[in-house]
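Overview (structure and organization)
The chain contents come next:
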Amino acid sequence: MTLSIARIEITSRIIDLTNSIPDITANLIHDSEHFQLPSDLFEDLLFEALNDLIDDFSLDPDKYLKPHHQSQLDGIAQEYLNS
């Protein structure tokens with residue numbers, strides 16, 4: 001789905017973590033005392049943690065943006081203002 005508002009184009013994006021959750025969960029417990037347990041035991045917890053992280057990001061994105069993201073954000077804004 002794409003919306004055009006004035007000269008701004010907004011595209012729906014979906015991040016599908018379905019295939020990544022098992023790997024991320026395995027990495028999460030790899031160096032912990034739980035490393036001998038099946039990683040899929042922790043998948044629901046990881047999903048909850050990722051949801052919380054997204055919520056935290058939406059409330060304070062500057063806390064989570066890396067310097068190169070901030071530079072890109074500034075560049076996009078400057079390009080828009082100059083057009």
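As shown above, the structure is provided for reference.
Now for a look at the structure at hand. Everything quoted here is computed from the prediction, not taken from an experiment. (Residues numbered from 1 in each chain as written. Predicted model: local features only at pLDDT ≥ 70, side-chain atom pairs only at ≥ 80, totals over all residues. Heavy atoms only, no water.)

What about a nonpolar patch on the surface?
Quick reminder of the rule: In this scheme, patches are assembled from residues that exceed 30% relative accessible area and form no salt bridge. Like charges are connected within 9 Å, while nonpolar side chains (Val, Leu, Ile, Met, Phe, Trp, Tyr) are connected within 5 Å. All accessibility values rest on the Shrake-Rupley procedure with a 1.4 Å probe; residue burial counts only the protein chains present in the view. Each salt bridge in this description consists of a side-chain nitrogen of Lys or Arg and a carboxyl oxygen of Asp or Glu lying within 4 Å of one another. Under the DSSP-based scheme used, a helix requires at least four consecutive residues in state H or I and a strand at least two consecutive residues in state E, with every element numbered from the N terminus.
Taken together, Ile15, Leu17 and Ile24 make up a surface patch of nonpolar side chains, about 270 Å² in accessible area. Residue position: Ile15 is located in the loop between strand S2 (8-11) and helix H1 (21-30).

Concerning the packing of aromatic side chains
Here a ring pair, both rings aromatic, is described through the centre-centre distance and the interplanar angle of the planes. Inclusion rule: In this scheme Phe, Tyr and Trp rings, the latter by its six-membered ring, pair at centre separations within 6.5 Å, and the angle between planes marks the pair as stacked below 30 degrees, edge-to-face above 60, and tilted otherwise. The buried label goes to any residue with under 20% of its type's maximum accessible area, the exposed label to any with over 50%, and the partly exposed label to all in between, with areas taken from a 1.4 Å probe on protein chains only.
What the rule picks out here adds up to one aromatic pair. A centroid spacing of 6.2 Å and a plane angle of 50° characterise the contact between Phe57 and Tyr64, whose relative ring orientation is tilted. Look at Phe57 and you get partly exposed, because its relative accessible area is 36%.

Some remarks on the layout of surface pockets
The following threshold applies: Every definition here rests on a 1 Å grid over the protein atoms only: cavities are sets of points where a 1.4 Å probe fits but cannot get out, pockets are open sets enclosed by protein on both sides within 12 Å along at least five of seven lines, and lining residues have some atom within 4 Å of a point. Grid points are joined across faces, edges and corners, and a volume is the space filled by probe spheres set on the points. Gly counts as polar in this scheme, as do all residues outside two lists: the nonpolar Ala, Val, Leu, Ile, Met, Phe, Trp, Tyr, Cys and Pro, and the charged Asp, Glu, Lys and Arg.
Counted as a void, the largest pocket has a volume near 330 Å³. The element contributing the most residues to the lining of the largest pocket is helix H2 (residues 43-59), with six residues. By residue class, the composition of the lining of the largest pocket is eight nonpolar, one polar and no charged.

So, a negative patch on the surface
Selection rule: Only four residue types enter the charge count, namely Lys and Arg as positive and Asp and Glu as negative; His and the chain termini do not. Each charge is placed at NZ for Lys, CZ for Arg, CG for Asp and CD for Glu.
A grouping of Asp44, Glu48, Asp52, Asp55, Asp56, Asp60 and Asp62 is seen on the molecular surface, where their side chains present a negatively charged patch. The dominant element in the negative patch, judged by the number of residues it contributes, is H2, at five residues. On the secondary structure map, Asp44 appears in helix H2.

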